[in-house]
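Topology and contacts: notes
Chain by chain, the residues run as shown.
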Amino acid sequence: MSAKIIDGKIIAADLRARVAAEVARVKREHHLTPGLAVVLVGHDPASEVYVRTKAKQTEAAGMASFEHKLPADTSLGDLLAVIARLNADPAVHGILVQLPLPKGLDSQKVIDAIDPAKDVDGLNPVNAGRLATGLLALTPCTPLGCIILAKTVHSSLEGISAVIIGRSNLVGRPLVQLLLNENATVTIAHSRTRDLPKVCKQADLLLAAVGKPEMVKADWIKPGATVIDVGINRIPGADGKGKLVGDVDYLGALNVAGAITPVPGGVGQMTVACLLVNTLRAACAIKGIAAPGV
Ligand code: NDP
């Protein structure tokens, strides 16, 4: 058996095209140009690549992109002042502070300062709390992408047995809530879980968000299960340059799973596409017009 490969590249491109069409419509009908501001503190090379990609895709979707690059030694006060200006700026509908921040800057204080209406990363406790209580919320982009990918395989997730490995605020915890909203039966595993392989083997839908290269082995996977691999890990490659792998032993899993996301080319592609969705949603909500059809 060889698993169906869930092609994040194609699914994300389709989502970006639908966002672009909706952006064109709100511009035409409501004179609204959604705007995303990304704040980068310091020069982390991976973060610089992410920020560039976000800016490029924001502009390609017809939205306004604002980049704020601040030196690594920026004080918390100065960073909070930038956020206060963006909170007050009517051209900005989404604010994203690229994480991780340089050591010494308290990221929770920064996240707390973002206006929840513009919190397109969905990390502000107001949005996390709204999501946890089943209210409409801006939701973290990576979990949102995972749900979209899972639904390309299962038209409904109702009653499905879903196991998430990882309980971070960025991925695991919001995934629980999104899966509950889909009426899945959810188990969340973490570093203290006993007999993780056995827990994973119960899953019809297994989502790995751990940050440990190829930790999930083929014999942890229920035959025919759908596997969504969130992990992005750089390991040494044959050419000495290093290569990216997920949290799942992809080649082994291909023989057991029913469907699986590759790394790269799976969940990572969806994260930025969902950021565009969130920015469009935030802009419509702030302007007081109906939520877009994406
Ligand atoms: P965190 O480090 O914040 O969380 C990791 C989670 O994995 C924790 O809950 C931890 O448990 C759990 N864990 C660690 N070791 C084990 C283990 N041996 N067995 C079971 N659980 C374990 O990571 P993130 O959630 O931020 O990211 C997870 C992965 O996803 C990373 O590889 C990251 O790069 C990737 N990622 C990818 C994105 C994308 O766009 N594709 C976006 C965001 C993240 P405990 O809580 O007990 O410590």
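Now for a look at the structure at hand. (Residues numbered from 1 in each chain as written. Predicted model: local features only at pLDDT ≥ 70, side-chain atom pairs only at ≥ 80, totals over all residues. Heavy atoms only, no water.)

Considerations on the site of the ligand
The immediate surroundings of the ligand are formed by 22 residues, with Arg167, Ser168, Ser191, Ile232 and Thr271 found nearest. Contact between the ligand and Ser191: an oxygen atom at 2.5 Å from a side-chain N or O atom of the residue. Measuring from an oxygen atom of the ligand, one finds a backbone N or O atom of Ile232 at 3.1 Å. Relative to its unbound accessible surface of 930 Å², the ligand loses 69% to contact with the protein. (Near = heavy atom within 4 Å. Polar contact = N/O pair within 3.5 Å; in protein donor to acceptor, adjacent residues only side chain to side chain. Areas by Shrake-Rupley, 256 points an atom, 1.4 Å probe, with all protein chains shown as cover.)

Regarding unusual backbone geometry
That bond from Leu99 to Pro100 is cis: its omega, 0 degrees, falls within 30 degrees of zero. By secondary structure assignment, the location of Pro100 is in the loop between strand S4 (94–97) and helix H4 (107–113). The omega torsion across Val263 and Pro264 is 0 degrees, close enough to zero to call that bond cis. Relative to the assigned elements, Pro264 resides in the loop between strand S11 (259–260) and helix H10 (267–287). Even without being a glycine, Asp195 presents a positive backbone phi close to 45 degrees. Relative accessible area serves as the criterion here: at 46%, Asp195 is assigned to the partly exposed category. In this structure, Glu214 takes a positive phi of about 50 degrees despite not being glycine. Residue position: Glu214 is located in the loop between strand S7 (205–208) and strand S8 (226–229). With relative accessibility at 28%, the residue Glu214 sits in the partly exposed group. (Helix = DSSP H or I, 4+ residues; strand = E, 2+ residues; numbered from the N terminus. Buried < 20%, exposed > 50% of the residue type's maximum accessible area, 1.4 Å probe, protein only.)

A word on the pairing of strand S5 (residues 161–165)
A regular strand places its side chains so that they alternate between the two faces of the sheet. In terms of residue burial, S5 counts as a mostly covered element, since 4 of its 5 residues are buried. Inspection of the sheet shows S5 paired to strand S6 (residues 185–189) by 5 bridges, in the parallel sense. Bridging across to S6, Val163 finds its partner in Thr187. Note that the unit made of S5, helix H7 (residues 172–181) and S6 has a crossover that is right-handed. (Pairing = 2+ DSSP bridges. Right-handed = clockwise from strand over helix to strand, strands pointing away.)

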